[in-house]
Amino acid sequence: MKILLKIANGVRHGAESMGFLAIPRPLPHTLCLLLACLLTACNIGKHLPANERLYTGTDIVMKADSAVPKEEQSALTEQLASLARPRPNKQLFGFPYKVGLYYLFGEPKRNGFRAWFRKKFGEEPILASAKAISSNIPVFEASLQNEGYFGSKATGSLKEEGYKARGVYEVNVKPRFYLDSIAFVIDSTPVRKALHFSERRTIFKKGDPYRFDNIKLERERISQAIKQRGFYYFLPDYLGVLADNDTAAHKTDLYFYVKPDIPDAAGVPYSIRDVFIYPNYNLSTAQQDTNQSSAYVTPQGFRVVDSTHLFNPKLFRDIVTVKPGSRYNSRAQDLTLSRFINVGAFKFVRNRFEPSQQGDSAVLDAHYYLTPYPNKSVRLELDGTSRSNNFNGSQMTLSWRNRNALKRAELLTINATAGIEFQVNAGDQNVTNYRFGLDGTLSFPRLVTPVRLNYDQRQALPKTNVTLGYQTIIRGDLYRINSFQTTFGYAWRQSQQVEHVFQPFNANYVYVPSNSISQRVRDLLLDPEISSIVKSQYITTVYQSNQLILSTLYSFNYNSSPRSASPNTFRLNTNAEVAGNLASLFFRQPADADPRNGILGVPYAQFFRVDADARFYRKLSQNVTWANRFFGGLGIPYGNYKGYQLPFTKQYFVGGSNSIRAFRPRAIGPGLFARDTIRNLPLFQDGGGDIRLEANTELRSKFNKYLEGAVFVDAGNVWTYYNLEAIEGDVESFSPNFYKQIAIGAGVGLRIDLSYFLIRFDLATPLRKPYKTDGSEWVINQINFRSSEWRKQNLILNIAIGYPF
């Protein structure tokens with residue numbers, strides 16, 4: 001084997017003319033190791049046992065009937081190759097480098113460096129075997145039959161070349177069979193009547209391709225449907241399937257039936273006699289708190305055994321769906337266990353059913369053993385942050401919890417937070433932010449409302465949440481913002497895919513004490529280098545920030561079914577919020593030093609805001625996913641806020657690690673406005689708009705267990721709803737020409753998956769700016785990676801935790 005090494009850099013012309021190759025500095029250790037491995041490649045064959053060959057992979061030669069589409073042939077080739085055994089050694093550019101490392105230092109002794117190196121970096125050679133080839137053939141044929149290609153055959157042989165060998169398989173694929181009809185065999189026995197009721201929700205339809213995996217799924221579904229009608233002991237193995245094939249038309253008729261030899265107990269429907277609940281069960285109190293003679297009976301008929309009376313019995317009315325006197329239902333049982341676990345008050349949940357006979361009827365006694373968490377707990381958290389605009393910091397949160405605040409598993413959480421953020425390399429523009437806050441949340445595992453709301457009783461328990469909080473932000477020696485907020489709302493599931501959140505009451509009061517505004521702020525507002533939009537929004541943030549937001553919010557969340565076999569996943573989150581309407585009916589007096597009406601001298605916001613976040617994911621292969629997001633948001637200030645922007649906390653922003661990654665946070669918009677993206681002035685909080693359009697697409701590829709790569713394109717911008725007088729003329733509100741003001745960026749990403757969280761590095765550059773640069777918005781022709789000035793202005797490295805969407 002000949003190895004040619006060509007070194008393009010570091011060659012001195014004088015030495016080259018004499019026929020020598022001069023290298024100015026030693027090769028790195030990793031390169032030396034690679035060269036040693038390459039030189040060892042010629043000797044791998046000598047190290048193998050006599051008459052053995054290194055197995056290097058599988059080749060599938062597909063010979064399919066003309067009725068089999070090319071796409072199916074490609075999918076079958078990939079499927080069969082994944083089933084082939086053994087797996088070959090890992091290769092790099094066709095070379096089994098780990099086998100080279102395995103033999104690099106020869107045969108090791110029991111212990112020592114050689115043994116350690118071989119175990120750490122090497123890989124024992126996988127040898128070709130005719131027995132393995134013959135073993136794969138029935139596996140391939142069974143797989144083809146399971147996919148509906150009845151009568152398909154496979155043959156295989158070893159193809160040797162030097163010290164290597166590959167498995168070559170010739171697969172003859174017959175036309176696929178498709179379902180023509182699905183029938184259920186029933187009679188007058190109770191269990192077969194139950195089979196009849198399961199027919200309506202079959203997963204099959206006429207024309208589907210025959211797949212054995214789908215038949216197994218249908219058996220599971222039918223079994224669950226029968227168990228939901230009281231047949232506690234019924235199992236999927238008690239169902240038989242008969243396939244009647246029409247070889248001429250390549251069609252199949254499926255017949256599902258209950259086997260005649262099932263156990264007697266599996267064919268009998270059971271009813272629930274008694275339900276025993278042990279809510280304070282643990283090893284130390286087991287004898288006392290499982291004494292059924294001390295049980296007290298709730299109005300629903302539950303027998304609660306709890307000498308400590310830790311929980312109000314009304315809790316179990318909300319959670320337990322297995323009712324005394326009702327027919328056993330596996331869905332009700334699963335829902336009850338899920339609710340006990342998710343209510344958050346119980347550390348361990350265990351149950352058992354005890355069969356019995358009551359006259360001629362078969363009955364079950366249900367027993368639920370619940371081990372509660374300690375009621376009260378304290379937790380301390382320390383978080384670190386690192387942002388792309390050079391802000392770094394940390395936050396400490398002290399949390400106190402009571403998991404049973406009002407005796408019905410209500411969760412009371414009180415958090416005290418303190419944090420600091422500072423900007424490095426900002427020179428005299430450096431600002432250090434301090435955050436302090438105190439908030440409390442009381443969450444009820446039920447709907448606390450005088451009006452009945454419709455929700456799916458078969459889903460998780462609804463929640464009622466009440467929050468109250470205070471936060472203060474000290475922006476260095478500039479000013480201080482105080483914020484009070486309280487909310488009251490509900491969250492419930494309509495189905496497994498649909499969730500609703502309704503907050504009829506939200507109140508947020510923000511104010512900046514006048515004595516906290518420093519002289520430095522006043523001097524900055526006189527700086528002629530700062531644009532009018534920045535000054536306008538800064539004045540709104542500081543001098544006119546005293547405001548009250550009284551709003552009502554509704555959110556709708558949809559997730560496609562997680563059980564679906566489709567490679568597509570779709571998610572939709574929509575929000576609608578209206579503020580100030582009720583206040584405008586009763587409060588019409590102008591606020592202090594403000595033309596807008598106010599409550600106790602504080603102007604209240606009035607607006608309508610609606611947005612939608614739609615995400616679509618398609619799994620292209622086992623390791624490649626195509627992810628997409630579209631966001632559209634519209635805010636209309638009116639009435640008391642007509643002519644103004646939305647309150648700062650309700651505005652939309654673009655740019656940054658989770659938005660348009662080729663631009664720093666708030667570096668674009670509203671509209672055509674251009675700002676300094678290099679200095680990153682931290683003193684100003686601007687760039688917000690009332691309207692936002694954004695689209696993102698990303699191709700994600702998983703390299704191995706820990707590393708992922710991505711390429712992406714982002715586009716979007718924000719606009720104001722009104723043409724604001726205080727803003728320069730090149731900043732326009734939303735207009736029919738909005739598409740001419742779209743910013744576009746693209747980049748590549750590297751992600752490190754640590755199971756519990758993912759660290760993301762995204763490097764991006766603008767392709768199109770909303771404003772003209774050298775006469776054009778498109779800046780692709782200006783890309784110059786060699787220019788340090790271009791890199792400084794256009795290359796943006798985003799470091800974040802988790803996916804952007």
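The structure under discussion appears in the preceding block.
Here the structure is a predicted model, which means the values were calculated and not measured.

A. The overall build of the chain, seen in detail. Across its full length, the chain holds 15 helices and 30 strands. Considering the chain as a whole, with its 805 residues, one finds that 43% of them fall into the buried category. Taking the contacts inside the chain whose residues are at least 6 apart along the sequence as the reference set, 64% of them involve residues at least 24 apart. Total accessible area computed for the chain in this model is approximately 43300 Å², and 55% of it derives from carbon and sulfur atoms.

B. Unusual backbone geometry, seen in detail. Here R85 and P86 are connected by a cis peptide whose omega angle stands at 5°. Here P86 lies in the loop between α4 (70-83) and α5 (97-102). Even without glycine at this site, H309 takes up a positive phi of about 50°. Accessibility expressed as a relative area gives 48% for H309, which makes it partly exposed.

C. Region of the structure containing α4. When the terminal C-alpha atoms of α4 are compared, their 20 Å separation across 14 residues agrees well with the 20 Å that a helix rising 1.5 Å per residue should span. Where α4 is concerned, the buried positions are E72, Q73, L76 and L80. The arc enclosing the buried residues of α4, seen along the axis, measures out at 100°, which places them on a common side. Exposed and facing more than 90 degrees away from the buried side of α4 are K70, E71 and E78. As for α4, its buried residues are in contact with β1 (54-64), α7 (130-146), β3 (164-173) and β4 (178-184).

D. The sheet that holds strand β5 (residues 239-246), seen in detail. Strands sit in the order β4-β6-β5 across an open sheet of three strands; the sheet is mixed. Whereas interior strands pair on both sides, the edge strands pair on one side only; in this sheet they are β4 and β5. Sheet twist, expressed as the mean angle between neighbouring strand axes with direction ignored, is 20°. Of the pairings in the sheet, the one linking β5 to strand β6 (residues 251-258) comprises eight bridges and is antiparallel in character.

E. Just the packing of aromatic side chains, in detail. Across all of its chains, the model carries 37 aromatic pairs by this definition. Consider the rings of F648 and F653, whose centres lie 5.5 Å apart with planes at 65°: the pair is edge-to-face. Exposure class is identical for F648 and F653. Each is buried. Among the aromatic residues, those joined into a cluster by ring pairs are F105, F113, W116, F117 and F121. The ring of Y232 carries the charged tip of K227 above its face, separated from the ring centre by 5.7 Å. The ring of F631 has R692 lying over it, and the distance from NZ or CZ to the ring centre is 4.1 Å.

Reading guide: rules and limits
Residues numbered from 1 in each chain as written. Predicted model: local features only at pLDDT ≥ 70, side-chain atom pairs only at ≥ 80, totals over all residues. Heavy atoms only, no water. Helix = DSSP H or I, 4+ residues; strand = E, 2+ residues; numbered from the N terminus. Buried < 20%, exposed > 50% of the residue type's maximum accessible area, 1.4 Å probe, protein only. Contact = heavy atoms within 4.5 Å. Areas by Shrake-Rupley, 256 points an atom, 1.4 Å probe, with all protein chains shown as cover. Expected span 1.5 Å × (residues − 1). Arc of directions from axis to C-beta. Pairing = 2+ DSSP bridges. Axes fitted to C-alpha atoms, helices over the stretch in contact; angles between N-to-C directions. Phe/Tyr/Trp six-rings, centres within 6.5 Å; stacked < 30°, edge-to-face > 60°. Lys NZ or Arg CZ within 6 Å of the ring centre and 35° of its normal.

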